[in-house]
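# Topology and contacts: notes
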Amino acid sequence: MAGKRESFTIAGAGIAGPVLALFLKRAGYEVRLMESYPRPAEDIGGALQIAPNGMKVIRALGLVEELLKIGTPSDEMIFRNHKGRLLGIIPNGSPEKFGEEAIVVSRSSFHLLLLNAAKREGIPTEYGKRFLSAEFPLDGGVVSKFEDGTLAYSDYLLGADGTHSKVRNFLFPNFPQPEYTGIVNAGGFVSADVIPAKYARRGPIHFTFGPEGFFGFAACGKTRDTSWMWWSNLPREKEFTREELESMDLEAWRNHLLELHKGWYEPIESIIKASHSILKGNVHDLRSLPSWGTEKVLLVGDAAHVMSPHTGQGASMALEDAHSLSILLERSNTVSDAFREFERIRRPRVERIIEQSRRNGNHKKKLSPIGCWIRDRILTIVLPKFAVKGQDWLYQYDGV
Ligand SMILES: Cc1cc2nc3c(=O)[nH]c(=O)nc-3n(C[C@H](O)[C@H](O)[C@H](O)COP(=O)(O)OP(=O)(O)OC[C@H]3O[C@@H](n4cnc5c(N)ncnc54)[C@H](O)[C@@H]3O)c2cc1C
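Within each chain, residue numbers correspond to sequence positions counted from 1 in written order. Where local features are concerned, this predicted model is filtered to residues with pLDDT of at least 70; where side-chain atom pairs are given and counted, the filter is 80 or more; whole-chain, interface and lining totals use all residues. In computing side-chain properties, one takes all heavy atoms of the structure into account and sets aside hydrogens as well as water.

The protein goes by FAD-dependent monooxygenase in an unreviewed UniProt entry, where it is assigned to Leptospira semungkisensis.

## Looking at the site of the ligand
Taken together, 27 residues are adjacent to the ligand, and A16, E35, G46, R107 and D302 come closest. In this structure, A47 approaches the ligand through a main-chain N or O atom, which is 3.4 Å from a nitrogen atom. The protein chains hide 81% of the 920 Å² of surface that the ligand would expose on its own. Helical segments are the DSSP runs of H or I of at least four residues, strand segments are the runs of E of at least two, and each set is numbered from the N terminus. Those elements that place two or more of their residues in the shell around the ligand are β3 (47–50) and α10 (314–331). Counting residues per element, the shell around the ligand draws most heavily on α10, at three residues. Basically, the charged four are Asp, Glu, Lys and Arg, the nonpolar ten are Ala, Val, Leu, Ile, Met, Phe, Trp, Tyr, Cys and Pro, and anything else, Gly included, counts as polar. Considered class by class, the residues forming the shell around the ligand number twelve nonpolar, eight polar and seven charged. The criterion for a residue being near a molecule or strand is simple. One of its heavy atoms has to lie within 4 Å of it. Two N or O atoms form a polar contact when they lie within 3.5 Å of each other; inside protein one atom must be a possible hydrogen donor and the other a possible acceptor, and for residues adjacent in sequence the pair counts only when both atoms belong to side chains. Here the Shrake-Rupley method, with its probe set to 1.4 Å, supplies the accessible areas, and only the displayed protein chains count as covering residues.

## Looking at the environment of K97
Here K97 shows up in helix α4 (residues 95–98). In this structure the C-alpha to C-alpha distance between K97 and Q177, which are 80 residues apart in sequence, comes to 37 Å. We call two residues in contact when some of their heavy atoms are within 4.5 Å. Apart from residues no more than four positions distant in its own chain, K97 is found in contact with V388, D392 and Q396. Within the local environment of K97, its side chain forms a polar contact with the side chain of D392, the two groups lying 2.8 Å apart.

## Here's the deal with empty space enclosed by the protein
Cavity: a set of points on a 1 Å grid over the protein atoms alone where a 1.4 Å probe fits but cannot get out. Pocket: an open set with protein on both sides within 12 Å along at least five of seven lines, its lining residues, like those of a cavity, having an atom within 4 Å of a point. Grid points are joined across faces, edges and corners, and a volume is the space filled by probe spheres set on the points. Taken as a whole and judged by the stated rule, the model has one cavity of 30 Å³ or more. Each pocket or cavity is described by its volume, and for the largest cavity that value is around 40 Å³. Taken together, T181, I183, S308, H310, S357, R358, G361, N362 and K365 form the lining of the largest cavity. Counting only elements with at least two residues in the lining of the largest cavity, the list comes to β13 (179–190) and α11 (335–362). Take the lining of the largest cavity: its biggest share by element is four residues, from α11.

## As for α11
Given the number of residues in a helix, its expected span is that number minus one, multiplied by 1.5 Å. End to end, α11 covers 40 Å across 28 residues, agreeing with the expected 40 Å (1.5 Å per residue, within 8%). Considering bend angle alone, the principal kink of α11 is centred on R346 and spans about 40 degrees; proline P348 follows within four residues of it. Two axes enter the definition of the bend at a residue: one is fitted to the seven residues ending there, the other to the seven starting there, and the bend is the angle between them.

## A few points about the sheet that holds β3
Any two strands are treated as partners once DSSP identifies two or more bridges connecting them. Here three strands make up an open sheet; going across it, the order is β3-β7-β4 and the pairing antiparallel. Each having just a single partner strand, β3 and β4 (72–74) make up the two edges of the open sheet. Sheet twist, expressed as the mean angle between neighbouring strand axes with direction ignored, is 30 degrees. Fitted lines through C-alpha atoms give the axes, limited to the stretch in contact for helices. The angle between two N-to-C directions lies from 0 to 180 degrees. Where helix α2 (residues 52–61) meets the sheet, its contacts fall on β3 and β7 (102–106), and the angle it forms with β3 comes to roughly 80 degrees. Lying over the sheet, helix α5 (residues 107–120) contacts β3 and β7, oriented at roughly 100 degrees with respect to β7.

## Some thoughts on the sheet that holds strand β12 (residues 156–159)
Overall, parallel pairing links the five strands, which are arranged β8-β2-β1-β12-β18 in an open sheet. Both outer strands of the open sheet, β8 (125–126) and β18 (297–299), are each paired with one neighbouring strand and no more. Of the pairings in the sheet, the one linking strand β2 (residues 30–34) to β8 comprises two bridges and is parallel in character. Bridged to L33 within β8 is T125.

See the structure below:
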């Protein structure tokens, strides 16, 4: 067991950051949680699924009841083509088999739940602290430097600062960078009034494959205005530049989506028309990093492994990472041993999911009418036979 009075600085208070802070504090370590945003990022982001494997971590944190107040359990996945033709229905895991149900929740409310839980346990997030660099004094420890001049002294540094991790880029400036996957993502929320009775049961996630792109929607959360979430994946040769993303206004973006999803079955056009805001971004992944850390620093969550969203596992992997590390710290002689073991154990699982997500994303690229026909036939056969089996390794998580 690693020494209990050792201390950690965590750079990044997204999903992995506060969960790491909670597990480490409960295990007796000293923790500082540093976030670059100036305040909690309310109302940023769309919705995400916490899969049964991620829910096991929420259970270990004791936060299931709280999460159920803001999220919606999902028991089914329904696949259609853009004309509304049914391609398959499969269960979204099953509590009997995997021990937990999947929950769909808005990212911002889930994020706040985690930050509040950390705060209640004496780990307030320190906002406006953008990690810049670190020094490693000869007498041990890490001095983490932040853009506002703050210095954080600790024995170890955890980089939980997401896809474009500064901790990763500082430690390993020559490592590969997240790669654009040829898909852009859009999403938002609508009220339940927009959803026709045929689709109104809160439980299924609806997946729709078209000739170009993809559209999904599901019940999410309890507030009336944001009680359904949607997302759209669109193939695009070049990624949007930051200027393009910032300059395209809501109505231009809405029109772009309406054009691409024109003629798709209802309620897809109605959902796009009814959204008060639409988030947008490029989809990246990062297939494999040569290393996840050093003796003193470890990358966790998206900082270590960027996955595209097509298996719905980004948040669950961040949760698993935090939980696994806490277990390995308990089992290891030193923190550095735990870091090495963490990378050895976690890498095969997350890299397999990154590849699976890429493959799933390829079904969303542009197809000819005959290509659509073939894809629909294949999905009709494959979904009932293999998709449920495919959940076995994805949703099974037993602690490391
Ligand atoms: C604002 C936002 C919105 C998102 N929306 C969605 C969504 O709609 N659907 C979805 O499936 N996934 C979304 N994601 C991604 C998803 O939440 C993550 O893939 C996943 O949960 C992995 O969690 P993570 O903690 O590793 O990384 P993240 O959740 O990305 O958290 C990283 C944190 O580090 C902070 N940070 C970045 N750089 C620094 C720095 N230099 N110093 C200190 N802190 C830093 C970021 O502000 C962020 O809070 C979103 C992520 C963010 C940050």
